[in-house]
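# A look at the structure
Chain residues, written in single-letter form:
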Amino acid sequence: MDNGTLAEALLEVAEALEFLEENPFKAKAYQKAARTILELGFPAEDLIASGEIIHLKGIGPSIGTMLKALVGDQPFPLMAELKARLPGGYSELKKVPGLGLKKLRIMHQELGISTIEDLGTALDDGRFSGVKGFSAKGIARMKRAVLDVLSYRGWYLLDAAWAWMGEIIEALGDAALRVQPTGICRRGMEIVDCIELLCLDRDGAGEDILSCLNRIPRGRSARDGSAVHLTHPGKPPVKIYVEPHESFIPALFVTTGPPAHLEHVGKSGESLSVRVARDGITMDGKHVHVQDEAEIYSLLRMPYLPPDVRDIEWKYFADDKLKNLIGQGDLRGVLHVHTSMSDGHATLGEMVCSARDRGYSWIGISDHSRSAHYAGGLSVKSLKRQIREIDALNESDQGIMVLKGIESDILPDGSLDYPDSVLKELDFVIVSIHSHMDMGRDAMTERIIKAIRNPFTTVLGHPTGRLLLSRRPYEVDMDAVLEEAARQGVFIELNAHPMRLDIDWRLIPEFVARGGRIAICPDAHTTAGLDDMRFGIAIARKGLLTTRDCLNCLGARTAKEALAARWS
């Protein structure tokens, strides 16, 4: 279990204590412990196992016991007791924008709302009329949000799905089973409703699968014909299909999908008398054995398409794109990285060293700007101090170039958060929307375009503002925004954080065709957050992004020059 997951569990306890109005000092103790875990420069698991964790600042025996239970996937009495006292639908109610702890408590105590269904009923019944803190406009927004939250049910973020899939594959590895991801997880979609795996058949394969899965705490598995199903509280359901050797590759191809791709393949195969089915491949009515999926595409006289690009429309495919499709090994640098000077949990030096240790030749630091009070945004004085610290790091030759930047809030009128005299001292400026997200479509579009036209803007951050399974994008004319970004030479961020994955990959091909360029950014607040780049790569590939259209693929000097060129 990584440090982020451990810290998240501690923060859940702190939040529950606050909601239930328990001892505020106890809640703060759990918050402090979470910060301690996040700020560790190494995995906490070893310290937890040895018991040394209780010697860290803010972590005593009680919290140490909880951490040990978490790592061992064992129950922790306090957590169970708090969850039992929370409203039954608390986790879903929290997803409604604008509902903080205070409002949630009022809803629960005064209106008897415990679930998202209760909230919907209360809104329909007019029970919020006259309740302090709930305006007519806010009530209308809640009605829309309830429908959104209901639509999120059964879906999971990509990072959670991949992590769970990894655990399952590891568990099956105990029986030396050959397992291959398939379906939506193999294609790397932003959100996942089910994990599908293909297992090569052998004597007793089904029983071996059940035996492995039955050892997973709190998991429930069952066999359904040749497939095995696994369910687990709070995790995506798992389906494991057992396939014989002779049909394994065709089954992998078909179960990977998606349906539109298979339909196109089917039509292409008709003229060639090639039939692709789960149980095998035939040509002119005769069975054809294939060693891999590339041979299937060859029979269809089509170029091999990696699983992660099979969702894109066929009109975007071209040989040069497939040959130069971006991969993890193409990355030379990374930007949109926060430090402890704003709301990050690692120091400037720690983030720089972590990027260097991951093989990057450059890193762009961009803490929050001064209007982001909630995130410890940097005053002009603090920003200038950070600039001096970065200059000192570069002079000391850390083996990596550090670029000076900021994530500047786009203010409601479209202006940026610092005067030009400050911005000109930076190597790059990411501009992002963090407030006033309820503006009308025309006003929001005008606001963002004004920020893009600012001569110091180099990157437009998380351009639609979406939070997957949590917040819908704001109303904005993305076609107009992307057209202006391409015209002005402003990079569009592909925010690699699993909750964002924004820009939507479906918009990338048209943007690049206009001459636009992408910057893949982890939006990292911890050293571990730098590893979110793998999700950004998965989404970039879905949008057919090539190395020549991505800032991260440039060397340190060239990247710095490319950012500066926007200002020339």
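Our subject is the structure that appears above.
All of the points below concern the structure found in this document. Keep in mind that this is a model prediction, so the values were computed, not measured. Residue numbers restart at each chain and count upward from 1, following the sequence in its written direction. Given that the model is predicted, a residue must reach a pLDDT of at least 70 before its local features are reported, and side-chain atom pairs must reach 80 or more before they are shown or counted; all residues, however, enter totals for whole chains, interfaces and linings. The side-chain numbers reported here are obtained from all heavy atoms of the structure, hydrogens and water having been left aside.

### As for the environment of Ile433
- Starting at the N terminus, helices and strands are each numbered in turn, a helix being any DSSP run of H or I of at least four residues and a strand any DSSP run of E of at least two. Relative to the helices and strands, Ile433 resides in the loop between strand E14 (428-432) and helix H20 (441-453).
- Residue classification places Ile433 among the buried positions, given a relative accessible area of 2%.
- Each C-alpha atom of the pair Ile433 and Glu407 lies 9.8 Å from the other, and the pair is 26 residues apart in sequence.
- Residue contacts follow a heavy-atom distance rule, with two residues in contact if any of their heavy atoms lie within 4.5 Å. Excluding residues within four positions of it along the chain, Ile433 makes contact with Ile410, Met444, Arg447, Ile448, His462 and Tyr474. Between buried and exposed lies partly exposed: a residue is buried under 20% and exposed over 50% of the maximum accessible area for its type, with that area taken using a 1.4 Å probe on protein chains only.

### Considering the pairing of strand E13 (residues 401-409)
- Among the 9 residues in E13, 9 count as buried, and that is most of the element.
- A two-sided burial pattern is seen for E13, the buried positions comprising Met401, Leu403, Gly405, Glu407 and Asp409 on one face and Val402, Lys404, Ile406 and Ser408 on the other.
- A strand pair is defined by DSSP finding two or more bridges across the two strands. Summarising the sheet, strand E12 (residues 362-368) and E13 pair through 7 bridges and their orientation is parallel. Each residue of the ladder has a partner; that of Ser366, found in E13, is Gly405.
- The β-α-β motif built from E12, the intervening helix H18 (residues 380-395) and the parallel element E13 has right-handed crossover chirality.
- Sheet topology places E13 next to E14; 5 bridges connect them, and they run parallel. The residue bridging Asp409 from the neighbouring strand is Ser432, located in E14. With the strands aimed away from the viewer, a crossover counts as right-handed if its path from the first strand over the helix to the second runs clockwise.

### A word on the pattern of salt bridges
- Salt bridges are defined by distance alone: a side-chain nitrogen of Lys or Arg within 4 Å of a carboxyl oxygen of Asp or Glu. According to the stated counting rule, one finds 35 salt bridges in the structure shown.
- Residues Glu293 and Arg186 are paired through a salt bridge, measuring 2.7 Å at the closest nitrogen-oxygen approach. With Glu293 in helix H15 (residues 293-299) and Arg186 in helix H11 (residues 183-187), this pair connects stretches of sequence that are 107 residues apart.
- Residue class for Glu293 comes out buried when judged on its relative accessible area of 5%.
- Across the pair Arg541 and Asp308 runs a salt bridge whose closest N-O atoms are separated by 2.6 Å. You can see Arg541 sitting in helix H23 (residues 533-542) and its partner Asp308 sitting in the loop between H15 and helix H16 (319-323), a full 233 residues away along the chain.
- Exposure remark for Arg541: the relative accessible area of 18% places this residue in the buried category.
- On the accessibility criterion, Asp308 (14% relative accessible area) is buried.

### Notes on H18
- Take the residue count of a helix, subtract one, and multiply by 1.5 Å to get its expected span. Between the first and last C-alpha of H18 there are 23 Å, a value that for 16 residues agrees with the 22 Å anticipated at 1.5 Å per step.
- Turning to H18, its buried residues are Leu383, Gln386, Ile387, Ile390 and Leu393. Buried positions in H18, seen along its axis, are confined to an arc of 120 degrees and lie on one side of it. Opposite the buried face of H18, by more than 90 degrees, sit the exposed residues Lys381, Arg388 and Glu395.
- Of the surrounding elements, those touching the buried residues of H18 are helix H17 (348-357), E12, E13 and helix H19 (420-423).
- A positive phi of about 55 degrees marks Asp397, the residue just after H18. Our arc is simply the arc of the directions from the helix axis toward the C-beta atoms.

### What to know about the sheet that holds strand E10 (residues 286-288)
- Spatial ordering of the open sheet is given by E8-E9-E10, a layout of 3 strands whose pairing is antiparallel. The sheet is open, and its two borders are formed by strand E8 (274-277) and E10, each paired with just one other strand. Ignoring strand direction, the axes of neighbouring strands in this sheet form an average angle of 30 degrees.
- Direction of pairing for E8 relative to strand E9 (residues 280-283): antiparallel, over a ladder of 4 bridges. Looking at the pairing, Val276 lines up with Ile281 of E9.
- On top of the sheet, helix H13 (residues 248-256) reaches E8 and E9; it is set at about 80 degrees to E8, its chief contact. Each axis is a line fitted through C-alpha atoms, taken for helices only over the stretch in contact, and angles between the N-to-C directions span 0 to 180 degrees.

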